[in-house]
Amino acid sequence: MSGQNRNGVSMAIIERAMRECLGSGEVANAAIWHLSSGGSRVRAHLAIDAAHRANLSQSVATSLATACELLHNASLVHDDLQDHDTHRRGRPALWAKYGKNTAICAGDLMISAAFAALCTLGPKASSAVKLAHRAVAETIRGQAEDLASKPDCKPEQYMAIAKAKSGPLLALPLQLVLLQVAETETTIEAAYITASDVALAYQITDDLTDRDRDLNALSPNACLSLEAAGHSIDGARRHARHLACDALQMAEAASSKLPFGVGCALGVLIGSLQQKILEIPNAA
């Protein structure tokens, strides 16, 4: 993702806006510490690029990017806690540094701050809040199903969970931009379906390198799911790669059809994932 400014919006502006939305205090400082660890800021970049292509103002682009990035980081904080992952981005996860209680509160604060950012959108604010809530609710459903599932769940169940867990917040930047330009529910849903395919491929890409860890943690994994369905270990890896590539091909075609070119940045992400998958060996 490019760090170039779009419509006058830089990542420095987004970083500042996120800190301002979080406010001050012990929990806010913990959330800000988490944000300071970096990250690719994919959702912010998607929002900024899409807003630029749809000719939205700097203030609107900033609000959308800020909200989407805060929601994503809230999900990471809660996910690390639920999965007992002690590190994030090369340093202690928020819960490992500040404790579980602070981590829960910090994630909650980031969610609340995201909705506060959307409240600045004027006449479209209420619709944007409803759309963001829908994305959060779907993400929560996917996370709950993920936590309740086993490594050997059926492939169809695995794919549904992977899409529900990661797709909504990846789609949200594009959906919020389309909402601002009065696109139809059909178009907004198309953005969701497209991003869900990318989210599935992204999860499978991780699973190809995390098979043994997920087996030990009893976590859902594409390879383990396919093995339980009758594939050999190497056969499951090959089939998982094909599933990811197929999902990316569908997403690539669909992203190019989204109005105003709002799917262009998503297309760049798709290309990078395709290259990453090609670099993963077929054999375990």
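So, a few notes on the structure that sits alongside this text.

The rules behind each value
- Residues numbered from 1 in each chain as written.
- Predicted model: local features only at pLDDT ≥ 70, side-chain atom pairs only at ≥ 80, totals over all residues.
- Heavy atoms only, no water.
- Helix = DSSP H or I, 4+ residues; strand = E, 2+ residues; numbered from the N terminus.
- Expected span 1.5 Å × (residues − 1).
- Contact = heavy atoms within 4.5 Å.
- Buried < 20%, exposed > 50% of the residue type's maximum accessible area, 1.4 Å probe, protein only.
- Disulfide = S-S within 2.5 Å.
- Lys, Arg positive; Asp, Glu negative; His and termini not counted.
- Salt bridge = Lys/Arg side-chain N within 4 Å of Asp/Glu carboxyl O.
- Phe/Tyr/Trp six-rings, centres within 6.5 Å; stacked < 30°, edge-to-face > 60°.
- Lys NZ or Arg CZ within 6 Å of the ring centre and 35° of its normal.

**Thoughts on helix 12 (residues 264–278)**
Side chains three or four residues apart in an α-helix point the same way, a direct result of the helix having 3.6 residues per turn.
Right, on to step 1. The first and last C-alpha atoms of helix 12 sit 22 Å apart over 15 residues, in line with the 21 Å expected at 1.5 Å per residue.
Right, on to step 2. The elements touched by buried residues of helix 12 are helix 3 (42–53), helix 8 (155–180), helix 9 (185–217) and helix 11 (233–255).

**Remarks on unusual backbone geometry**
Right, on to step 1. You will see that Asn55, though not glycine, has its phi angle at about 60°, which is positive.
Right, on to step 2. Along the chain, Asn55 turns up in the loop between helix 3 and helix 4 (58–83).
Right, on to step 3. Here the phi dihedral of His84 falls at roughly 60°; this positive angle occurs in a residue that is not glycine.
Right, on to step 4. Relative to the elements of secondary structure, His84 occurs in the loop between helix 4 and strand 1 (87–88).
Right, on to step 5. Exposure remark for His84: the relative accessible area of 54% places this residue in the exposed category.

**What about the state of the cysteines?**
Right, on to step 1. Counted by the stated rule, this structure contains 0 disulfides.
Right, on to step 2. Free of any disulfide, Cys245 has its nearest neighbouring cysteine sulfur in Cys223, separated by 13 Å.
Right, on to step 3. For Cys245, a relative accessible area of 25% gives the class partly exposed.
Right, on to step 4. This cysteine, Cys264, is not joined by any disulfide, and Cys68 carries the nearest cysteine sulfur, 18 Å off.

**A look at the side chain of Asp214**
Right, on to step 1. Along the chain, Asp214 falls in helix 9.
Right, on to step 2. Despite its burial, Asp214 remains without a salt bridge, the nearest opposite charge being carried by Arg213 at 4.2 Å.
Right, on to step 3. When neighbours within four sequence positions are excluded, Asp214 is seen to be in contact with Pro151, Asp207, Ser219, Pro220, Asn221 and Leu224.

**Comments concerning the environment of Met11**
Right, on to step 1. Within the secondary structure layout, Met11 lies in helix 1 (residues 11–22).
Right, on to step 2. On a C-alpha basis, the gap between Met11 and Pro168 in space is 22 Å, while along the polypeptide they are 157 residues apart.
Right, on to step 3. Those residues in contact with Met11 that sit more than four places away from it in its chain are Arg41, Ala44, His45 and Ile48.

**Brief notes about the packing of aromatic side chains**
Right, on to step 1. Considering all chains together, one arrives at 1 aromatic pair under this definition.
Right, on to step 2. Summarising the aromatic geometry, the rings of Trp33 and Tyr98 are spaced 5.6 Å apart at their centres and angled 70° between planes, so their arrangement reads as edge-to-face. Residue Trp33 is found in helix 2 (residues 26–35), and its partner Tyr98 is found in helix 5 (residues 94–98); the two are separated by 65 residues along the sequence.
Right, on to step 3. By relative accessible area, which is 17% here, Trp33 ends up buried.
Right, on to step 4. When its relative accessible area of 31% is taken as the criterion, Tyr98 is described as partly exposed.
Right, on to step 5. The lysine or arginine in question, Arg91, covers the ring of Trp33, its NZ or CZ lying 3.9 Å from the ring centre.
Right, on to step 6. Between Lys97 and the ring centre of Tyr98, over which it is positioned, the NZ or CZ distance is 5.6 Å.

**Quick notes on the pattern of salt bridges**
Pairing is possible between side chains of opposite charge, provided their charged atoms come close.
Right, on to step 1. Tallied over the entire structure, the rule returns 12 salt bridges.
Right, on to step 2. One salt bridge in this structure joins Asp212 and Arg211, with 2.7 Å as the shortest N-O distance.
Right, on to step 3. Owing to a relative accessible area of 15%, Arg211 belongs among the buried residues under this scheme.
Right, on to step 4. Two residues, Glu227 and Arg211, come together in a salt bridge whose shortest N-O distance is 2.8 Å. Residue Glu227 is located in helix 10 (residues 222–228), and its partner Arg211 is located in helix 9; the two are separated by 16 residues in the primary sequence. Here Glu227 and Arg211 have matching classes, each one buried.
Right, on to step 5. Several salt bridges converge on common partners, so that one network encompasses Asp79, Asp146 and Lys165.

That's the geometry; what it means functionally is another story.
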